[in-house]
Amino acid sequence: MFDFTPPHLHLLVNHFPVEGSIIAVILLIFAMVRRSAELKRVALMAFVLLGIAAYVSDLTGGGASQELRNIPGVDRELIKEHIAAADWAKDISYIVAAVALVGLILAYRKPESVADSTDATAYTRHHKEPNKWIVIICLVGGLFEVSTFAKTAYRGGLIRHPEIESSFPVPAAPVDTVHK
């Protein structure tokens, strides 16, 4: 029914790190503004998942590269530029994922505390807050990750989508020779 070629598989999985990094950064900023420990942990989990997604995208990229090199008209230099940008993005994603994982482990090891209150109905639970510096490092790294994934996606798009280039000549609208 479907013919999953290496380029097709690569296109299926490589979008998650690009869009996911944007979502993870926005979620982390929202968590910081709201001062929500739960949302901070969810954002850190998203960065860990992005590291895994970057690994899968890298795994599928080799097969896609080999197959595209055999297609006439595909510029091999564009493939090399995409691979170089992808290596940077992957490495940054791994670093942010590792920092986020450390932050999750350290937060998990923190004891939970319950606010002291004389009123039994006023139960407030203080969730395990990730370390402030780890959250800040993940935010800065996440912003850098977004930019490197965007550059990688742009370089990949140039391989088969020259219309995204600013110098691409836009074809003139067809002239309607038949008047009704």
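Residues numbered from 1 in each chain as written. Predicted model: local features only at pLDDT ≥ 70, side-chain atom pairs only at ≥ 80, totals over all residues. Heavy atoms only, no water.

Just checking my understanding: could you explain the overall build of the protein for this structure?
Of regular secondary structure, the protein possesses four helices and two strands. The proportion of buried residues among the 180 residues of the protein is 32%. Sequence-distant contacts, at least 24 apart, represent 73% of the contacts inside the protein between residues at least 6 apart. Working note: accessible area of the protein is about 12000 Å², and carbon and sulfur atoms make up 65% of it. (Helix = DSSP H or I, 4+ residues; strand = E, 2+ residues; numbered from the N terminus. Buried < 20%, exposed > 50% of the residue type's maximum accessible area, 1.4 Å probe, protein only. Contact = heavy atoms within 4.5 Å. Areas by Shrake-Rupley, 256 points an atom, 1.4 Å probe, with all protein chains shown as cover.)

Help me understand helix 4 (residues 132–160), please; the structure alone is not making it clear to me.
Each full turn of the α-helix corresponds to 3.6 residues, which orients residues three or four apart in the same direction. Its 29 residues place the ends of helix 4 43 Å apart at the C-alpha level, agreeing with the 42 Å of an ideal helix rising 1.5 Å per residue. The backbone nitrogen of W133 has a side-chain oxygen 2.7 Å away, supplied by the residue at the start of helix 4, namely N131. (Expected span 1.5 Å × (residues − 1). Polar contact = N/O pair within 3.5 Å; in protein donor to acceptor, adjacent residues only side chain to side chain.)

Could you clarify how one ought to interpret the environment of L106 in this entry?
Turning to its location among the elements, L106 is positioned in helix 3 (residues 76–109). Classification of L106 as partly exposed rests on a relative accessible area of 42%. Expressed as a C-alpha distance, the spacing of L106 and E129, which sit 23 residues apart in the sequence, is 9.1 Å.

I keep staring at a nonpolar patch on the surface and nothing clicks. Help me out?
Judged by side-chain polarity, F16, L49, I52, Y55, V56, L59 and Y94 come together as a nonpolar surface patch covering roughly 670 Å² of accessible area. For the nonpolar patch, the leading source of residues is helix 2 (residues 37–68), giving five residues. Assignment of secondary structure puts Y94 in helix 3. Note on Y94: relative accessible area 31%, which makes it partly exposed. (Patch = residues over 30% accessible without salt bridge, like charges linked within 9 Å, V, L, I, M, F, W, Y side chains within 5 Å. Salt bridge = Lys/Arg side-chain N within 4 Å of Asp/Glu carboxyl O.)

Please explain the side chain of N14 as it appears in this structure.
Locating N14 in the fold gives a position in helix 1 (residues 6–34). Of note is the side chain of N14, whose polar atom sits 2.9 Å from the side chain of H15.

Would you explain the packing of aromatic side chains in this entry?
Ring pairs (aromatic) are described by centroid distance and by the angle formed between their planes. Going through the model one piece at a time under the given rule, you end up with zero aromatic pairs. Lying across the ring of Y108, K128 places its NZ or CZ 4.6 Å from the centre. Above the plane of the ring of W133 lies K132, whose end atom (NZ or CZ) is 5.7 Å from the centre. (Phe/Tyr/Trp six-rings, centres within 6.5 Å; stacked < 30°, edge-to-face > 60°. Lys NZ or Arg CZ within 6 Å of the ring centre and 35° of its normal.)

How should the nonpolar core be read in this particular structure?
A general trend in soluble globular proteins is that nonpolar side chains are found buried together. With 16 residues, the main nonpolar core has L28, L44, F47, A100 and C138 as its most contacted residues. Only helix 1, helix 2, helix 3 and helix 4 provide two or more residues apiece to this core. Considering every element that reaches this core, the biggest residue donor is helix 2, with five residues. Setting aside chain neighbours within four positions, we find F47 in contact with A24, V25, L28, V96, A97, A100, C138, G142 and E145. (Core = buried A, V, L, I, M, F, W, Y, C linked by side-chain atoms within 4.5 Å.)

Any chance you could explain the pattern of salt bridges here in plain terms?
When their charged atoms lie close together, side chains carrying opposite charge are able to pair. This model, assessed by the stated rule, comprises four salt bridges. Among the salt bridges present, the one from K40 reaches E129, with a minimum N-O distance of 2.5 Å. Placement of the pair is K40 in helix 2 and E129 in the loop between strand 2 (125–126) and helix 4, with a sequence separation of 89 residues. Judged by relative accessible area, which is 28%, E129 ranks as partly exposed.

Looking at this structure, how should I read the environment of S65?
Examined against the element boundaries, S65 turns out to sit in helix 2. With a relative accessible area of 8%, S65 lands in the buried category. Beyond its immediate stretch of four places on either side in the chain, S65 contacts I79 and I83.

Sorry, what's going on with unusual backbone geometry here?
Outside of glycine, negative phi angles account for most residues, and trans bonds account for most peptide bonds. Phi is positive for R35, which is not a glycine, with a value near 55 degrees. Along the chain, R35 turns up in the loop between helix 1 and helix 2.

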